[in-house]
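Given next are the chains, with one letter for each unit.
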Amino acid sequence: MDSDLDRYILDHISPEDPVLADLDRQTHLRVIQPRMLSGHLQGELLTMLTAMIRPRYVLELGTFTGYSAIAIARGLERSDAVLHTVEKNDELQDLAAEYIGRAGLRDRIVQHIGPALEVVPGLGLVFDLVFIDADKREYPDYYRMLMEGGLVRSGSILLADNVLWNGKVAEEKDRGGSDRQTQGILEFNRMVREDTRVEKVIVPLRDGLTIIRVK
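The notes below deal with the structure included here. What you see is a predicted model, and the numbers here were worked out from it, not measured in a lab.

When helices and strands are tallied, the protein chain shows 8 helices and 7 strands. Compactness check: the protein chain gives a C-alpha radius of gyration of 17 Å against a globular reference of 17 Å for 215 residues, within 12% of the reference. If you line up the protein chain on its principal axes, its C-alpha atoms span 45 × 45 × 30 Å. Taking all 215 residues of the protein chain together, 49% fall into the buried category. The long-range share in the protein chain, meaning contacts at least 24 apart out of those at least 6 apart in sequence, stands at 74%. Approximately 10,800 Å² of the protein chain is accessible, and the part contributed by carbon and sulfur atoms is 50%. Between the mean site of the 27 positive side-chain charges and the mean site of the 35 negative ones, the protein chain shows a separation of 4 Å.

The following block contains the structure:
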């Protein structure tokens, strides 16, 4: 997106939470690949979608430094609502926990460290809202885990980030030789497209966000 247009959009939406603004800055100062952070625009969308859906149980695959978890938790309106967020990189746990605490959301966000495919089935929950933003190579496995493992229900909403993958999904040549992350996204997108159990739409926000509703 044109930088001037991007700035115009950011100037005309709800202002960024000061805690999230500081987390954005610290992520860029202290963490490798800070662009993985959701950022202001996507964060506001996550907060609003969460408020609209009014979930009780929310799952996030891929905590990173906690920006999206805080944004989602800001939208939790039910008094009994809770977000379970899973991150396999334990080196990020303390930074995320610090800002979750500063946001006053320790009672709303439960952090889990470990591979999502091992952690999530053991939680014993059915989720109303799921945000997928973890290892792109495992997106198809996450989808199978959720849809075939009884972890979502009719009416559940899945949000999958990075589904356009820097435009690589539209590159026709040599798809068979693509890197494993690109292949994971391509396979996930195909699975969702062909799955008659869900309704889906891709929103071309940042790197692409698929909104999936279980019928």
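Here the narrative resumes.
Turning our eyes to something else, we now look at the packing of aromatic side chains. This structure, assessed with the given rule, holds 3 aromatic pairs. Geometrically, the ring pair formed by Tyr139 and Tyr142 is tilted, given 6.1 Å between the ring centres and 50° between the ring planes. Taken together, the residues Tyr139 and Tyr142, both in helix 7 (residues 139-148) and 3 residues apart, mark about one turn of the helix. We note that Tyr139, like Tyr142, is buried. Pairing Tyr143 with Phe188 gives two aromatic rings, centres 5.7 Å apart and planes at 90°, and the pair type is edge-to-face. Pair noted here: Tyr143 is in helix 7 and Phe188 is in helix 8 (residues 180-194), with a separation of 45 residues, a long-range link. According to the relative accessible area criterion, Tyr143 is buried, its value standing at 2%. Using a relative accessible area of 0% as the deciding quantity, one classes Phe188 as buried. Counting every residue linked through ring pairs, the aromatic cluster contains Tyr139, Tyr142, Tyr143 and Phe188.

A word on the nonpolar core. Counting 32 residues, the largest nonpolar core has Leu61, Val120, Ile132, Tyr143, Leu146 and Leu158 as the members making the most contacts within it. Mapped onto this core, the elements with two or more residues apiece are strand 1 (57-61), helix 6 (116-119), strand 4 (127-132), helix 7, strand 5 (152-161), helix 8 and strand 7 (209-214). Per element, the largest residue contribution to this core is 6 residues, and it comes from helix 7. Here Ile132 is in contact with Leu61, Tyr139, Tyr142, Leu146, Leu158, Leu159, Ala160 and Asp161, once residues within four sequence places are set aside. By size, the runner-up hydrophobic cluster in this structure holds 30 residues, among which are Ala71, Ala81, Leu95 and Ile100.

Looking at the secondary structure, you find Glu87 in strand 2 (residues 82-87). This buried residue, Glu87, is left without a salt bridge; Lys88 holds the nearest opposite charge, at 7.1 Å. A polar side-chain atom of Glu87 sits 2.8 Å from the main-chain amide nitrogen of Phe64. In this view, Glu87 contacts Gly62, Thr63, Phe64, Leu92, His112, Ile113 and Gly114; residues no more than four positions away in its chain are not counted.

For the structure shown, the criterion picks out 17 salt bridges. Between Lys88 and Asp135 there is a salt bridge, with its nearest N and O atoms 3.1 Å apart. Pair noted here: Lys88 is in the loop between strand 2 and helix 5 (93-102) and Asp135 is in the loop between strand 4 and helix 7, with a separation of 47 residues, a long-range link. The class of Asp135 is buried, set by a relative accessible area of 12%.

We now examine the environment of Ala134. Structurally, Ala134 is set in the loop between strand 4 and helix 7. Ala134 sits in the buried class, given a relative accessible area of 19%. Sequence separation of Ala134 and Glu87 is 47 residues, and the distance between their C-alpha atoms is 7.8 Å. In this view, Ala134 contacts Leu61, Gly62, Tyr139 and Tyr142; residues no more than four positions away in its chain are not counted.

Parameters at a glance
- Residues numbered from 1 in each chain as written.
- Predicted model: local features only at pLDDT ≥ 70, side-chain atom pairs only at ≥ 80, totals over all residues.
- Heavy atoms only, no water.
- Helix = DSSP H or I, 4+ residues; strand = E, 2+ residues; numbered from the N terminus.
- Rg over C-alpha atoms; globule rule 2.2 N^0.38 Å.
- Buried < 20%, exposed > 50% of the residue type's maximum accessible area, 1.4 Å probe, protein only.
- Contact = heavy atoms within 4.5 Å.
- Areas by Shrake-Rupley, 256 points an atom, 1.4 Å probe, with all protein chains shown as cover.
- Lys, Arg positive; Asp, Glu negative; His and termini not counted.
- Charge placed at Lys NZ, Arg CZ, Asp CG, Glu CD.
- Phe/Tyr/Trp six-rings, centres within 6.5 Å; stacked < 30°, edge-to-face > 60°.
- Core = buried A, V, L, I, M, F, W, Y, C linked by side-chain atoms within 4.5 Å.
- Salt bridge = Lys/Arg side-chain N within 4 Å of Asp/Glu carboxyl O.
- Polar contact = N/O pair within 3.5 Å; in protein donor to acceptor, adjacent residues only side chain to side chain.

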